[in-house]
Amino acid sequence: MPAPRTSARALVAVAALLIATTACDDAGRGPTAPLSPGEALMSTAGSTVLKLDPASTVDTDIYGPGVTPFEAPCPAGYVATGMAGTTARWFGLAIIAEARLHCRQLLGDGSLGTSAVTTAHPGGTTSELSVLQPFNASCSVSSALVAVGGQVSTQVGEIGGTCDKVSGIVEGTPSLETLGPWRDAGGSLGTSPVAFIAACAPGSVVTGLIGRSGSVLDAVGARCTAIIEVCAAGSFWNGDGCELAAPGTYVPGHGMTFAFPCALGRYQPAAGQTSCLDAPIGTYVDVLGAVAPTPCPTGTTTLAAASSSAADCVVVGDPPGYTPEGKDVRVAPKDATTGEPKEDVKLTFDSVEKSGETTIETKAFYKEDGTPEEDVPPEPEGYKLPEGKTFLDIKTDAEFTGEVTVCAEFDGSAFPKKESTKLLHYKDGGWEDITTSVDEDADTVCGKTSSFSPFVVAQELYAFSGFLRPVENLPTLNRVQAGRAIPVKFSLGGEQGLGILATGYPISVQTACESSSAINGVEETVTAGSSSLSYDAEADQYTYVWRTDRGWASTCRQLVVRLDDGSEYRANFHFVR
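Heads up: these notes are all about the structure in this document. (Residues numbered from 1 in each chain as written. Predicted model: local features only at pLDDT ≥ 70, side-chain atom pairs only at ≥ 80, totals over all residues. Heavy atoms only, no water.)

1. Digging into unusual backbone geometry
- Between glycine 180 and the following residue, proline 181, the backbone shows a cis peptide bond with an omega angle of 5°.
- A cis geometry characterises the amide bond from glycine 466 onward to phenylalanine 467, with omega recorded as 0°.
- Positionally, phenylalanine 467 belongs in strand β36 (residues 465–468).
- Even without a glycine there, the phi angle at serine 142 is positive, about 60°.
- Inspection of the secondary structure assignment puts serine 142 in the loop between β6 (130–138) and β7 (143–152).
- Phi at serine 192 takes a positive value of approximately 50°, unusual for a residue other than glycine.
- Assignment of secondary structure puts serine 192 in the loop between β9 (176–182) and β10 (194–199). (Helix = DSSP H or I, 4+ residues; strand = E, 2+ residues; numbered from the N terminus.)

Written out as structure tokens, the structure reads:
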């Protein structure tokens, strides 16, 4: 459902002000205060929300010379809300040494998030630059960039931007303002400067910078993405409009074209909902799309919420962990410590030939002093364990045939990569992965077994090896010239994509220089540019090019690389002039 478009005529009219050739002082200031959270710009009324349409993303023309392309995009779902960078003089020319964007998340109601990020900034590295002047300005509250413009000659000599209210972009009622333009006041724009305007199409906003750069900014353009309206969570697009999810169904997110039926064990009596409800203890739901749970027969009850079969109803008074004879017998084992049913672990026996009691005990791999506990299996290698490094010891004296499905809940906040959660079973002196399914919404992992012994819920980690040369691992102190870019290499046992770094990482922190540490001279460096991550399939190696700062000379720092599976690796560096 496309959003209304902004007037192209109004946009170009204001853009003309941006690229006027009148001289400006070395400030070219504009507002510098960060954006406030912003007011809601349109009411969703439970029917529509705003989002960026990645499929609509296009690049404007690039204005200026140069051969080395660059991209500086905002993160997915973010829009550009301001500009920053540096003007400078280069052999008498007024140039833009570097330029970057401030970006904020576009929220569903048309307001902008409070967390700002800044795109990577190219250029500005040559020693011939002089009279450096920073510039930094943000659009007014709940406004975003819709154009980038300025003047180019040999390089980009002047740059600025045009802002519009998000509400104006969506409703086609422009409320335009300009940022800049910025240039070095004392320099010449060069021979035959040309004014340019890289304006987004109506209904679109700037979501990144593109262009070409060497030691300075040579050419620049804009990446643009359209803002569209989609159906909000709890409703879906039926071909004519947004329709609320009917009772017994739900729509978990926005922009969907159908509703999901409630799963077994769950129900939903109301329309327009984003999730379903668990059947309370004493009831069950054995059909999809239920609007109400079914009560257990008189004198019986279920042992846990979200029961999905009449067979889950047991006679009132059965002790915790009781495992009756029958087919598809579902049991909440008795907690050996409290004596109560342990409701975060559920067992389903294919067939119980003789009734009995099933118990469970949570045990630790290690004592409080860090030494291994006696008579427990070793910790599985290559996995992130639950807090406290615990495992589950399940036992039963019931006689059964076939397999038992074991489902255990886990703390999703402790496992950054839920999809890598595994249920491991200790058997024949080793840990075996018996996982059959992972429900990332319910934070539950299930597996099948034909015997009982220790089980552990754990997150599988990447098969990390490194750091590889030229960087030496702790406790070695790597000696390198400040300002150089260091190739930090490692392997994860195969290609895992480029989204393997945790948000905000790598980082570096200053540390004391330990004179007793071994010294490794880093001989392999590259020309300093923007920090970046790449993967070499032939060598099966990731390389993070770490851009260091000249100001770090005569200090020591520790580089911290945290991956999105929660694992963390460190290396020490001594920076010299």
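2. Looking at the pattern of salt bridges
- Under the counting rule described, the total for this entry stands at 16 salt bridges.
- Notably, a salt bridge pairs glutamate 98 with arginine 100, separated by 3.5 Å at the nearest N-O pair.
- Residue class for glutamate 98 comes out buried when judged on its relative accessible area of 14%.
- The salt bridge involving glutamate 568 is made with arginine 570; its shortest N-O contact spans 2.6 Å.
- Residue glutamate 568 is classed as partly exposed on the basis of its relative accessible area, which comes to 28%.
- With a relative accessible area of 35%, arginine 570 lands in the partly exposed category.
- Where salt bridges share partners, they join Asp59, Glu71 and Arg223 into one cluster. (Salt bridge = Lys/Arg side-chain N within 4 Å of Asp/Glu carboxyl O. Buried < 20%, exposed > 50% of the residue type's maximum accessible area, 1.4 Å probe, protein only.)

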